[in-house]
Amino acid sequence: MGYLDYLSELCSSTSTRKGKRKVMQTVEVKVKMDCEGCERRVKSSVSSMSGVKTVDVNRKQSKVTVSGYVKPDKVLKSVRSTGKKAEFWPYVPYNLVYYPYAPPSYDKKAPAGHVRNVAQPLQSPTVNDRLATMFSEDNTEACSIM
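In every chain, residue numbers begin from 1 and rise along the written sequence. Local features in a predicted model are, by the rule used here, given only for residues with pLDDT of at least 70; side-chain atom pairs are given and counted only at 80 or more, and totals for whole chains, interfaces and linings are based on all residues. Calculation of side-chain values draws on the structure's entire complement of heavy atoms; hydrogens and water are dropped beforehand.

Before going further, it helps to examine the nonpolar core. Grouped together as the largest cluster of nonpolar side chains are 18 residues, with contacts concentrated most on V29, V31, M33, V64, V66, V70 and V75. Among the elements of the structure, β1 (25-31), α2 (36-47), β2 (52-58), β3 (63-68) and α3 (72-80) are those that each provide at least two residues to this core. Side-chain atoms within 4.5 Å link the members of a nonpolar core, which is a set of buried Ala, Val, Leu, Ile, Met, Phe, Trp, Tyr and Cys residues. Each residue is placed in one exposure class: buried if its accessible area under a 1.4 Å probe, protein chains only, is under 20% of its type's maximum, exposed if it is over 50%, and partly exposed if it falls in between. What counts as a helix is a DSSP run of H or I of at least four residues, what counts as a strand is a run of E of at least two, and both are numbered from the N terminus.

This paragraph deals with a positive patch on the surface. A grouping of K22, K71, K74 and K77 is seen on the molecular surface, where their side chains present a positively charged patch. Mapped onto the secondary structure, K71 falls in the loop between β3 and α3. With a relative accessible area of 45%, K71 lands in the partly exposed category. Here, patches come from residues exposed beyond 30% relative accessible area and free of salt bridges, joined within 9 Å for like charges and within 5 Å for nonpolar side chains (Val, Leu, Ile, Met, Phe, Trp, Tyr). Residue burial considers only the protein chains on display, and all accessible areas are found by Shrake-Rupley using a 1.4 Å probe. When a carboxyl oxygen of Asp or Glu lies within 4 Å of a side-chain nitrogen of Lys or Arg, that pair is called a salt bridge. Asp and Glu are treated as the negative residues and Lys and Arg as the positive ones, with His and the ends of the chain left uncounted. Taken as the charge centre is NZ of Lys, CZ of Arg, CG of Asp or CD of Glu, depending on the residue.

Quick look at the packing of aromatic side chains now. Here the aromatic set is Phe, Tyr and Trp, taking the six-membered ring for Trp, and pairing holds for ring centres within 6.5 Å; pairs whose planes are under 30 degrees apart are stacked, those over 60 apart are edge-to-face, and all others are tilted. The final tally for this structure, using the stated rule, is 1 aromatic pair. Residues W89 and Y91 carry aromatic rings whose centres are separated by 5.2 Å and whose planes lie at 80 degrees to one another, so their mutual orientation is edge-to-face. Taken as a pair, W89 and Y91 share a single burial class, namely buried. Remark: a charge is flagged as sitting over a ring if the NZ atom of Lys or the CZ atom of Arg is within 6 Å of the ring centre and within 35 degrees of the ring normal. Lying over the aromatic face of W89, K63 brings its terminal NZ or CZ to 4.8 Å of the ring centre.

None of this, on its own, says anything about what the molecule does.
Okay, structure coming up:
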């Protein structure tokens, strides 16, 4: 069996492709589209790329979803080549964010149920939490006025 293994390894190593394999991924892009012509132009631009399996265009949300063996930067470049302003999809569902209606994350242009994906500060303790932990059995010297 050693000889057959050697031959199979020899045959498999003769491929001329030396680059890394592309990974199947989904890329979401925000693109402002006003009419069916814009939608058609963006869809044809992206679907002509090699490795693209599916293209879903939602004009109401201004969202283009591309699935396939593509690189996100190349998808964004292809969409921008149509003359449209494009960026990666910046929104997440609002239930994944601590403070969904804080000024940096709240966006009136966001689709329903979504807010902008920004770094959120840690939740600060409220006044009630501080009072509850001020007098505890662990800290017996907290109140010495009694």
